[in-house]
Structures are given as C-alpha cells and as structure tokens.
Amino acid sequence: MADSCPGESTDPRLFTDIAGMLLDTTGESAEWASGISPNARLEGDLRMESVELVALGESLRDRYGDRVDLPAFVAGLDLDGLIGLTVGDLVSYVARQTAA
Amino acid sequence: MSRFLFVVPPLVGHVNPALGIAQALARNGHEVAWTGSELSLRPLLGADATVFPTGTRLHRPQADCGLAALKSLWTRFVVPFARFTLPAVDKAVVAYEPDVVVVDQHTPTGAAVAHRHGLPWATLACSTIELARPYRGLPKVEAWMRDLLLTLWTDAGLPEADWHDQRFSPHLVLACAIRELLGDNTFPDHVKLIGPPLADRPGRDFDLGLLDLNRRRVLVSTGTLADDVADGFHARVLRALEPLADRVQAILVAPPEAVPAPPPNVLVVPSVPMLRLLPHLDAVVSHGGLGTVNEALAHGVPLVVAPIRHDQPINAARVASAGAGVRVSFARVGPDALRDAISTVLDDPSYRAAAARLRDSITAAGGATVAARHLERLARNGSDRVSAAVRQRGNG
C-alpha cells in the first residue's frame with residue numbers, strides 16, 4: 001500500500017509478536033506460520049478471511065491499546081490497498097500508533 | 001396474463017433460480033422470455049424457451065479470493081458484460097414489450113433498460129453478497145462499486161439525477177435466501193426473502209443403485225465455477241475420506257480424469273442431479289455457493305463448508321452460526337481437520353436437527369410460488385406506480 005515505503009524497516013520484535021497473533025487467530029500449524037513474512041499479503045498469500053481479520057483486530061487492540069484500531073485502519077484503505085495489504089503494513093501501522 | 005422478461009448472466013447458479021420462478025409464472029398462465037447468452041442459456045432452459053440472444057462474450061475464468069475476487073468479478077465480468085449486452089437487451093425489451101423486467105443482481109444493464117422504457121423491474125438476488133453488505137466497514141470499497149454502477153448508468157445515456165442502484169429495484173427485490181442466511185441486517189418491505197426457487201431441471205443420469213445404503217453418504221461438490229482451485233482441495237478430501245471407508249461413501253463431483261485413482265469408497269462423477277440425490281444424503285461438503293447451500297438445507301442435509309470467494313464466506317458463516325454445518329478454510333484446511341469436520345456433522349445429531357429447522361424456514365419462505373405471486377402483483381400495480389413516479393418527477 002501507498003504509505004509503506006520499500007525502504008521502511010520492519011521492527012523485528014513487533015513483527016514476531018504480530019506473526020504470533022496471526023498464528024493464534026488462524027489456528028494454523030507452525031509450518032504455515034513459517035510462511036509469514038513482512039511481504040506476505042494478508043488476503044492473497046495468507047488467505048486470511050474477514051472473520052479472522054475481525055478476531056485479529058481484537059487481539060491487536062487488547063495487546064497494544066485502543067489507538068491500534070484495525071477496523072478504522074482498513075476502513076481508510078481503497079480496494080487495491082486492501083488487496084495488497086501485507087504483514088509489514090500491519091507492523092508499520094502498529095508501530096506508528098504505538099510510537100511516543 | 002402478463003409478460004415477464006428475465007435478464008440473466010451466463011452462470012448456472014443464477015439461471016437455475018430464475019428458471020424456478022419462470023416455471024411458476026408459466027404454471028400460472030403467464031408468458032416468460034429470456035435475454036442473455038443463448039449459448040449458455042439454451043442447455044439450461046431447454047429448446048422451447050424464448051431467448052433474445054445478446055451474443056456471448058468470453059470472460060476470463062474466475063480466480064482469487066476475497067477482495068481480489070470482488071475486483072475481478074466486477075471489472076472482468078459484470079461491467080464488460082453489462083456494456084456488451086446493452087444494445088441487445090434494449091432490443092429485447094422493445095420486441096417483447098414485457099410488463100415486468102426481472103433483473104439479476106449482476107446484470108445491471110437490465111435495470112438501466114427497464115428504467116429507460118419506464119417499465120417496473122424486479123431484482124433477483126441469487127447471491128447473499130449484496131444484501132449482507134460484507135463491505136460496510138470498508139467505505140472506499142462500497143464507493144468504488146457505486147462508481148462502477150453510476151458510470152454504467154450514465155454510459156447507457158440515463159441522467160445521473162435519475163440514478164438508482166441497479167442491484168436493488170425500488171419496486172421488488174426477490175432474495176433467494178432465508179433470513180437465517182442474511183444475518184441481522186434489516187431490509188425494507190419490498191425486499192422479499194423467498195428462499196430457494198427450486199426448478200424442475202432437465203435430469204442428468206445418476207444410478208441411485210450405486211449408493212451404498214449401509215454406509216453414510218456424503219456429496220462433495222465445489223460448484224460450477226471453482227475448477228481453478230478445486231484440484232488441491234479434492235486431493236485433501238480424498239485423504240480425509242480414506243480412513244472413513246468402512247462407514248462413509250462419498251460422491252465427488254469432478255471430471256473423472258482429474259481423479260484417476262479414487263479410493264474404493266469414492267464415486268467420481270462429472271455432475272449429479274442434485275435434487276434427486278439429496279434425499280439420500282447424510283452430508284454435503286461444499287464451497288458454500290448459495291445454490292448448493294440452499295438445496296442441501298431445503299432437504300435438511302447438514303454441510304461442511306469450505307468457502308472460496310464472493311458470498312461463500314458469508315454463507316459458510318451463517319450455516320455455521322445456525323448450527324447446520326461446520327466451516328473450514330478452503331485454502332488451508334488439511335485432511336485431518338476435514339475428516340474431523342465431516343465426522344462431526346455425521347455423528348452429532350444437532351447438525352441434522354438444525355438443518356431440519358432451516359428446511360422448515362425454507363418451506364415457509366415459499367420459493368418460486370411466492371416469488372411468482374410478488375411478480376404478478378408488480379405486473380398489476382407496477383406500471384401505474386412507475387407512471388406516477390414519472391409524473392411526479394415531471395411536476396417537481
């Protein structure tokens with residue numbers, strides 16, 4: 001998506017945390033989780049379904065507080081932004097919302 | 001006697017429900033005609049049906065899931081098909097002079113043409129996706145679709161000020177779903193939840209003697225549009241079924257050459273007469289297309305639903321929350337989880353009981369008979385209402 005520049009680095013600890021939440025949300029195997037990378041698209045690569053995104057949004061809010069509002073974040077995205085939404089985009093969003 | 005023109009896309013899951021309603025109208029003495037791709041419609045409607053052909057425009061096969069599938073459905077099929085068929089649909093309306101135009105939700109051209117000629121039109125919703133509004137939390141996605149529809153409208157030469165969402169007739173919306181499949185959405189009074197309008201369809205051969213009455217019988221079908229992704233799923237289903245051989249017989253709908261060496265408890269057939277087979281089944285494993293879900297539930301048969309795209313995730317979620325089935329991930333579910341899901345719906349009687357409750361709801365919704373009654377009322381009153389609306393606008 002547009003506001004995640006290729007040069008932007010992904011905070012590795014935040015990435016690991018969020019990858020763990022993706023695993024919990026989908027109830028998948030560790031083998032599946034090994035395919036989670038910052039470039040993995042939530043929909044096209046990880047095959048996340050909308051119900052799983054809702055559950056993920058709740059986990060993110062519980063962990064990082066009300067400023068991490070996944071429904072509000074995705075509501076601001078257009079169709080192509082949503083189709084291309086990656087794990088890295090999610091990590092950057094959480095980093096922005098929890099900074100300072 | 002009234003005349004009804006059906007505007008439909010070349011998709012089996014959309015033509016079959018329309019056919020059920022058309023048969024009910026014909027039984028009541030009305031005339032019915034069709035406009036669409038004759039190549040696709042003729043085998044489904046039979047030699048006697050009146051078809052005003054629009055020509056056939058090849059569209060790319062479906063792919064993707066989620067929002068990528070939504071984008072591809074609209075930009076590669078709904079919009080180009082609407083543009084391509086506009087002149088032919090207009091000609092069909094002029095030639096046939098219908099009292100009511102019945103417009104599939106994914107052939108928006110029918111709505112524009114009906115409006116152009118001042119005719120009352122009814123929407124036929126053969127999918128839950130527009131009514132359940134899964135993208136209500138994604139305003140830019142809903143706006144994107146509104147823009148596509150508005151552009152089709154104005155490109156058809158209609159004034160922007162007159163625009164009406166082509167997916168929802170202001171006169172009558174016939175939804176081929178029961179309340180239990182549409183969640184807690186509220187609808188205006190002119191939206192009628194008729195359930196599945198089951199049609200007498202030209203029979204395909206299936207020897208019921210092949211069924212093993214000493215085992216539970218499970219149908220596995222991923223519908224008519226999932227060929228691109230079905231193979232991997234079928235392989236997992238076969239591995240799931242193998243250890244159940246002593247107690248489960250499966251009928252897998254697939255091209256036999258795609259499954260060269262099925263286990264002995266699996267019959268592979270290219271297609272089945274669903275309505276004839278369903279009374280003999282204990283469970284259906286499906287991608288969750290509304291047609292298959294409706295037909296299984298109309299027979300009180302519980303489901304394992306592995307949704308791929310479009311309204312299938314909605315249908316899967318509603319079947320699961322009604323207790324009439326188990327939802328699994330089409331892309332990710334492995335053989336063990338699939339076997340668990342199949343065993344669960346077969347062994348836990350609560351699933352069959354919930355499916356029986358939904359069957360009763362479907363019976364009460366009335367299907368094709370009730371749809372025909374609503375359409376007859378629209379034919380009687382509709383033209384008055386439309387001319388009143390036009391007069392109103394003229395005065396305003």
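The structure presented is a predicted model; accordingly, all values stated were derived computationally and were not measured.

Let's talk about the overall build of chain A
Next up, step 1: What chain A contains, in helices and strands, is 6 helices and 0 strands.
Next up, step 2: Traced from its N-terminal end to its C-terminal end, chain A shows the element sequence α-α-α-α-α-α.
Next up, step 3: Relative to its length of 100 residues, chain A is compact, with a C-alpha radius of gyration of 12 Å against a globular reference of 13 Å.
Next up, step 4: Overall, chain A is about 35 × 25 × 25 Å in size when its C-alpha atoms are taken along their principal axes.
Next up, step 5: By the burial criterion, 31% of the 100 residues in chain A qualify as buried.
Next up, step 6: Long-range contacts, defined as pairs at least 24 residues apart, comprise 77% of the intrachain contacts of chain A with a sequence gap of at least 6.

Details of the domain arrangement of chain B
All names here are of chain B.
Next up, step 1: Under the domain assignment used here, chain B contains domain 1 (3-195 + 366-395) and domain 2 (208-363).
Next up, step 2: Across the contact, 24 residues belong to domain 1 and 18 residues belong to domain 2.
Next up, step 3: Within the residue set of the side of domain 1 that touches domain 2, elements represented by two or more residues are helix 1 (12-27), helix 3 (66-96) and helix 5 (129-132).
Next up, step 4: Per-class residue counts for the side of domain 1 that touches domain 2 are 14 nonpolar, 8 polar and 2 charged.

Points about the pairing of strand 4 (residues 100-104) of chain B
All names here are of chain B.
Next up, step 1: Most of strand 4 is tucked away, with 5 of its 5 residues classed as buried.
Next up, step 2: Sheet topology note: the strand 1 (residues 3-7)/strand 4 ladder contains 4 bridges and is parallel. Bridge assignment links valine 7 to a residue of strand 4, and that residue is valine 103.
Next up, step 3: Note: strand 4 against strand 5 (residues 121-125), 4 bridges, orientation parallel. Among the inter-strand pairings, valine 103 is bridged to a residue of strand 5, identified as threonine 123.
Next up, step 4: As for the winding sense of the linkage, the β-α-β connection from strand 4 through helix 4 (residues 109-116) to strand 5 is right-handed.

Section: helix 10 (residues 312-321) of chain B
Next up, step 1: Burial analysis of helix 10 of chain B places 8 of its 10 residues in the buried class, which makes it a mostly covered element.
Next up, step 2: Buried residues of helix 10 of chain B: B:Gln312, B:Pro313, B:Ile314, B:Asn315, B:Ala316, B:Ala317, B:Arg318 and B:Val319, and no others.
Next up, step 3: Residues of helix 10 of chain B that are buried sit in contact with helix 3 (50-64) of chain A together with helix 5, helix 9 (290-298), strand 12 (303-305) and strand 13 (325-327) of chain B.
Next up, step 4: Backbone geometry just after helix 10 of chain B places B:Gly323 at a positive phi near 80 degrees.

Quick notes on the packing of helix 1 of chain B against helix 2 (residues 38-45) of chain B
All names here are of chain B.
Next up, step 1: At a closest axis distance of 11 Å, the pairing of helix 1 and helix 2 adopts a crossing angle of 45 degrees. With respect to helix 2, the element helix 1 is oriented oblique. Our pair here, helix 1 against helix 2, has a crossing hand that is right-handed. Facing helix 1, whose interface residues are Val12, Val15 and Leu19, helix 2 presents Leu41, Leu44 and Leu45.
Next up, step 2: Classifying every residue of the contact of helix 1 with helix 2 gives 6 nonpolar, no polar and no charged.

Some thoughts on the interface of chain B and chain A
Next up, step 1: Each partner contributes to the interface: chain B provides 17 residues, whereas chain A provides 16 residues.
Next up, step 2: Only helix 3, helix 6 (139-155) and helix 10 of chain B provide two or more residues apiece to the side of chain B that touches chain A.
Next up, step 3: The class makeup of the residues in the side of chain B that touches chain A is 11 nonpolar, 3 polar and 3 charged.

Considerations on the pairing of strand 2 (residues 31-36) of chain B
Residue and element names in this part refer to chain B.
Next up, step 1: Direction of pairing for strand 1 relative to strand 2: parallel, over a ladder of 5 bridges. The residue bridging arginine 3 from the neighbouring strand is glutamate 31, located in strand 2.
Next up, step 2: Traced from strand 1 through helix 1 to strand 2, the parallel crossover comes out right-handed.
Next up, step 3: Inspection of the sheet shows strand 2 paired to strand 3 (residues 51-53) by 3 bridges, in the parallel sense. Along strand 3, the bridge assignment pairs glycine 36 with proline 53.
Next up, step 4: Remark: the strand 2/helix 2/strand 3 crossover connection has right-handed handedness.

Rules used in this analysis
Residues numbered from 1 in each chain as written. Chains lettered and ligands numbered in written order. Predicted model: local features only at pLDDT ≥ 70, side-chain atom pairs only at ≥ 80, totals over all residues. Helix = DSSP H or I, 4+ residues; strand = E, 2+ residues; numbered from the N terminus. Rg over C-alpha atoms; globule rule 2.2 N^0.38 Å. Buried ≥ 20, exposed ≤ 12 C-beta atoms within 10 Å, placed from the backbone. Contact = placed C-beta atoms within 7 Å. Domains from an automatic or database assignment. Nonpolar A, V, L, I, M, F, W, Y, C, P; charged D, E, K, R; others polar. Pairing = 2+ DSSP bridges. Right-handed = clockwise from strand over helix to strand, strands pointing away. Axes fitted to C-alpha atoms, helices over the stretch in contact; angles between N-to-C directions. Parallel < 35°, antiparallel > 145°, perpendicular 65-115°, else oblique. Left-handed = near helix turned anticlockwise from the far one by under 90°.

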